[in-house]
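Listed below, chain by chain, are the residues.
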Amino acid sequence: MQPEEPHLNSAVKSVADRSDSENQGSVARSKNNWITRSLNFKSIRHKIGLGYALAIGVAILGTTAGQIIGTYYQEQAHDQYKQARDEEHLLTELKTAVLEARSHQQQFIPLIQNAQSFKDEHAHFLRHTQEVKKLFDEVKSYVKENSKTDPDIERVEEWLRTYNGTVAAYFQEIEALINRIDPANLRSPDVPAAQQSLLKFTNGNVALKFDGLSDDLTALIEAAHEEEEEAQENLDEAEALHIKITALSLLFSVITAAALALYTSRAIARPLEAVTQVAQKVTDKADFQLQAPVTTKDEVGVLAKSFNKLINRVADYTKELEIARQTLEKRVEERTEELWQKTEQLESAHDHLQQLNTDLVSQAQELEITLENLRQTQSQLIQTEKMSSLGQMVAGVAHEINNPVNFIHGNIAHVTNYVQDLLGLIDLYLQQYPNTSPEIADEIAAIDLEFIIEDLPKTLNSMNMGTERISQIVLSLRNFSRLDETGMKQADIHAGIDSTLLILNHKLKQGVHVSKEYGNLPKVECYPAQLNQVFMNIINNAIDALMAQTDSSRKEIVIQTQVVESNLEADSGCYAVVSIKDNGAGMPSEVRRKIFNPFFTTKPVGQGTGLGLAISYQIIEKHNGKIEVISEPGEGTEFTISLPISK
């Protein structure tokens, strides 16, 4: 380092000399510049504060002036746009009222023969008459208020002068005509003449001029709309001008601030350059023997002295850091080796824990799936066993009832023939022996033979209809249970629905109306008894929902069937679709999402198991079909069942 000292001292001296010469030149120039003279006596903080104050003042002044000018033009354009919009709105309302009044007046001709209808139409006409007069006065007021500010208002003034008395004349004449006709006391022979008078007025000069008022209003509205569009363009241009003025003001402020900052920096930067050059050399070459020149007594001079002290301290600290670095590197190497060993142990333990966690999660998922399958299987077995027992009982009862009913039904025909023969014999006897003994005559009167002859065939006919009804119920019970079919069969969907409705007839009689809108369905390959169970669950739930309503509205269930083609490319088949819809209270979305879950029910304890719809869902899935529900609170509930039709 010693050989470089002469060179270093000469460099420092040259920097100091150059700084002194520049300072001397600056002092000479400051004699002719009072601003420079003033700045030389101020500290750096004061110089910077003065520069900021001047820059901010210019920025505020320029921006405020730009805002004032731009806002003025923008407000002018906005007032013009609002005035054009108000004019178009007022004229449009007036045109609508004129057309409404004219329309009601034209309805007088066909309604003149109906006094009440004419009175109602006349009331509407009077209401629109007041509205037209009110709006016409508002247009006059608008023209009067804006005649000085709106140069385009002259055409509206011309329109007012043209039709000034038209509105009053039109309404006065029509009212006078109505008073002359007197529709309340108009006789039928006078109706044609009254209609002719109204027609003549409708085609008269006053009415036609009133129509011309509406046509001219259309032209005024179009002109007002064009003014509104022009005002909108002016408003957009004013906003753009506002932005441009603000931007130019900001640009001028930035340029002024930059000039002031440049001027201020020259007074501050030059003394700092000498210190900066030394600092760069110290940083680049790590030569802590260099010292910064102290040429001033202001903040820069204090900075140079402090910088020199800092260089000396850094030199001392550098030596200490080098010693500490060597010691630290050695300790780091030792600790690094220990950390690598512990890291390998932790990674091995982490991998083992991850494997155990994966195995536990997999086992938990398998257990959950198995438990869910077990629950569904258990519920299905319970319901299947219940329906099987019920079906066996129903089939047994139906068989036991069917035998005596068939015996009775078969003998009614013979009894009817015997009764007809006996009645014929009695009638023949009465014809051959009209004068019977008093005892026989008294007995005939006592038993009311004439009533017996008239009522006995009706009684036998009622007994025959009753046995037929019992036979239909037995057949429906057998069709519903379908215990004789263990596999899939071609079945009639409509017959299954009808059987279900017949079984539920005792509940339907409580005030529920059923509408059947059957389409042309072919037979479907299915398990009939299971489908009947689905229909039973859905229709029974619909009846319960309707009976739970407390209002007196009509309770109705609509059953629709149709054949629908699939709209999926992968499935080109057809489906038999059964829709069961009620007009009950409906259900919220949180209930609708859970209705097919096992053991979920909204009924009170003891009235529902929560298995009906869950098993119905499984039955439809077993048939490769779909069951969907659409329901909103207050909109009723609709179940849609889609079953594939075999080709």
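See the structure printed just above.
Summarised in this report is the structure supplied together with it. All values reported here derive from a predicted model rather than from experimental measurement.

1. Some words on a nonpolar patch on the surface
No. 1: Taken together, the side chains of Ile48, Tyr52, Ile56 and Ile60 define a hydrophobic patch exposed on the protein surface, amounting to about 420 Å² of accessible area.
No. 2: Residue position: Tyr52 is located in helix α3 (residues 44-106).

2. Quick notes on the side chain of Ser631
No. 1: Tracing the sequence through the fold places Ser631 in strand β6 (residues 626-631).
No. 2: A polar contact of 2.9 Å, which involves the side chain of Ser631, links it to the backbone nitrogen of Met587.
No. 3: Ignoring anything within four residues of it in the chain, the contact list for Ser631 reads Gly586, Met587, Arg592, Gly636 and Thr637.

3. Observations concerning the sheet that holds strand β4 (residues 555-565)
No. 1: Strand order in the open sheet formed by five strands is β2-β4-β5-β7-β6, with mixed pairing between adjacent strands. Of all the strands in the sheet, the pair left with one neighbour each is β2 (512-517) and β6. Sheet twist, expressed as the mean angle between neighbouring strand axes with direction ignored, is 15 degrees.
No. 2: Where β6 lies against strand β7 (residues 637-644), six bridges are found, and the strand directions are antiparallel. Looking at β7, one finds that Val629 is bridged to Phe639.

4. Re the packing of helix α5 (residues 115-146) against helix α6 (residues 154-162)
Helix-helix packing: each pair is described by the crossing angle between the helix axes and the interaxial distance.
No. 1: One can describe the packing of α5 onto α6 by two numbers: an axis separation of 10 Å at closest approach and a directional angle of 140 degrees. Classed by the angle they form, the pair α5 and α6 counts as oblique. Considering how the two elements wind past one another, α5 and α6 form a crossing that is left-handed. Residue-level inspection shows Phe136, Val139, Lys140 and Val143 of α5 in contact with α6, the latter providing Val156, Glu157, Trp159 and Leu160.
No. 2: Across the contact of α5 with α6, the residue classes break down as six nonpolar, no polar and two charged.

The rules we used
Residues numbered from 1 in each chain as written. Predicted model: local features only at pLDDT ≥ 70, side-chain atom pairs only at ≥ 80, totals over all residues. Heavy atoms only, no water. Patch = residues over 30% accessible without salt bridge, like charges linked within 9 Å, V, L, I, M, F, W, Y side chains within 5 Å. Areas by Shrake-Rupley, 256 points an atom, 1.4 Å probe, with all protein chains shown as cover. Salt bridge = Lys/Arg side-chain N within 4 Å of Asp/Glu carboxyl O. Helix = DSSP H or I, 4+ residues; strand = E, 2+ residues; numbered from the N terminus. Polar contact = N/O pair within 3.5 Å; in protein donor to acceptor, adjacent residues only side chain to side chain. Contact = heavy atoms within 4.5 Å. Pairing = 2+ DSSP bridges. Axes fitted to C-alpha atoms, helices over the stretch in contact; angles between N-to-C directions. Parallel < 35°, antiparallel > 145°, perpendicular 65-115°, else oblique. Left-handed = near helix turned anticlockwise from the far one by under 90°. Nonpolar A, V, L, I, M, F, W, Y, C, P; charged D, E, K, R; others polar.

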